[in-house]
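Understanding the architecture of this molecule
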Amino acid sequence: MKIVLIQVVLIVVVFLVAVRLFRSRGARAQAIRRLGLIAFVGFALVTILFPDLWTSIAKLVGVGRGADLVLYALVVAFLSFTVTTYLRFRDLETRYTKLARRIALEETRHHQADPGA
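Position numbers for residues count from 1 along each chain, tracking the sequence in the order it is written. Owing to the predicted nature of the model, reporting of local features is limited to residues with pLDDT of at least 70; listing and counting of side-chain atom pairs is limited to 80 or more, with chain, interface and lining totals taken over all residues. Hydrogens are left out, water is left out, and the side-chain values use all remaining heavy atoms of the structure.

1. Comments concerning the overall build of the protein chain
Just so we agree on the cut-off: Elements are defined by DSSP. Helices are runs of H or I of four residues or more, strands are runs of E of two residues or more, and each kind is numbered from the N terminus. For each residue, the accessible area found with a 1.4 Å probe, counting protein chains only, is set against the maximum for its type, and the residue is called buried under 20%, exposed over 50%, and partly exposed in between. Contact definition: two residues touch when any of their heavy atoms are within 4.5 Å. The accessible surface values rely on the Shrake-Rupley method and a 1.4 Å probe; as for residues, cover is taken only from the protein chains in view.
Counting its secondary structure elements, the protein chain contains four helices and zero strands. When the helices and strands of the protein chain are read in sequence order from the N terminus, they spell out α-α-α-α. Per-residue burial over the protein chain gives 14% buried out of 117 residues. Sequence-distant contacts in the protein chain: of pairs separated by 6 or more residues, those separated by 24 or more amount to 36%. Accessible area of the protein chain: about 9,800 Å², with a carbon and sulfur share of 69%.

Put into structure tokens, the structure is as follows:
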């Protein structure tokens, strides 16, 4: 197996991204993110070291080239990322709206209870 310069660069980039993502905070979601990241890093390394693997898989599933299969996989991954991000932001907007309403009601009650303030 001959390693080409681009493979070394890609491996370094994958590890740098992994290290950066491991430094963020959180609890259960962080654990799931880390497991997904470990799986992605392993998948990326195998893909970088054995690029012909995609062509073999593509032929098994009836796609002409491995590059086309990678493109299809990336489209699916991007769509799932887009949907989950949209749902997360929608949930956050709903939570912020409820919080803003609660704060407004508390301020109104506070001003009604203490009109001189």
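Still more to cover.
2. Things to note about the pattern of salt bridges
To be explicit about the condition: By definition, a salt bridge exists where a carboxyl oxygen of Asp or Glu is found within 4 Å of a side-chain nitrogen of Lys or Arg.
In total, this model carries two salt bridges according to the counting rule given. Measuring nitrogen to oxygen at the nearest pair gives 2.9 Å for the salt bridge that ties R109 to E106. Remark: E106 and R109 occur in helix α4 (residues 66–113); sequence separation between them is three residues, near one turn of the helix.

3. Description of α4
Which entries qualify depends on this criterion: Multiplying 1.5 Å by the helix residue count minus one yields the expected span of that helix.
With 48 residues, α4 should cover 70 Å at 1.5 Å per step; its first-to-last C-alpha distance of 70 Å lies within 8% of that length. Within the sequence span of α4, burial applies to G66, L69 and T85. Looking at the buried residues of α4, the elements they touch are α3 (52–61).

4. Digging into the layout of surface pockets
Note the cut-off: Both site types are read off a 1 Å grid over the protein atoms alone. A 1.4 Å probe that fits but cannot get out defines a cavity, while an open set with protein on both sides within 12 Å along at least five of seven lines defines a pocket; lining residues have an atom within 4 Å of a point. Grid points are joined across faces, edges and corners, and a volume is the space filled by probe spheres set on the points. Classification used: nonpolar for Ala, Val, Leu, Ile, Met, Phe, Trp, Tyr, Cys and Pro, charged for Asp, Glu, Lys and Arg, polar for all others including Gly.
The computed volume of the largest pocket comes to approximately 1,000 Å³. In this structure, the largest pocket is lined by 22 residues; those nearest its centre are F40, L74, A77, F78 and F81. Elements with a minimum of two residues in the lining of the largest pocket: α2 (28–49) and α4. Its residues placed into classes, the lining of the largest pocket shows 15 nonpolar, five polar and two charged.

5. Some points on the packing of aromatic side chains
This is how the line gets drawn: Side-chain rings of Phe, Tyr and Trp, where Trp is taken by its six-membered ring, are said to pair if the distance between their centres is within 6.5 Å; with planes under 30 degrees apart they count as stacked, over 60 as edge-to-face, and otherwise as tilted. A ring is considered to have a charge above it if a Lys NZ or an Arg CZ atom is located within 6 Å of its centre and within 35 degrees of its normal.
As enumerated under the stated definition, the model contains one aromatic pair in all. Measuring from centroid to centroid gives 5.5 Å for F43 and W54, while their planes differ by 90°, and the two rings are edge-to-face. Taken together, the positions of F43 in helix α2 and W54 in helix α3 put the pair 11 residues apart, joining distant regions of the chain. On the basis of relative accessible area, F43 is assigned to the partly exposed category, the value being 46%. For W54, a relative accessible area of 12% gives the class buried. Taking the ring centre of F89 as reference, the NZ or CZ of R88 above it sits at 6.0 Å.

6. Looking at the environment of V63
Of note, V63 is situated in the loop between α3 and α4. The residues touching V63, leaving out its near neighbours within four places in the chain, are A58, D68, L69 and Y72.

7. Topic: the packing of α3 against α4
The test is simple: Throughout, an axis means a line fitted to C-alpha atoms (over the contacting stretch in the case of helices), and angles, computed between N-to-C directions, take values from 0 to 180 degrees. Here is the rule for angles: anything less than 35 degrees is roughly parallel, anything more than 145 is roughly antiparallel, 65 through 115 is roughly perpendicular, and the remaining ranges are oblique.
As a packed pair, α3 and α4 sit with axes 7 Å apart at the nearest point and diverge in direction by 80°. Taken together, the axis directions place α3 and α4 in an arrangement best described as roughly perpendicular. Facing W54, T55, I57, A58 and V61 of α3, the residues of α4 in contact are G66, L69 and V70.

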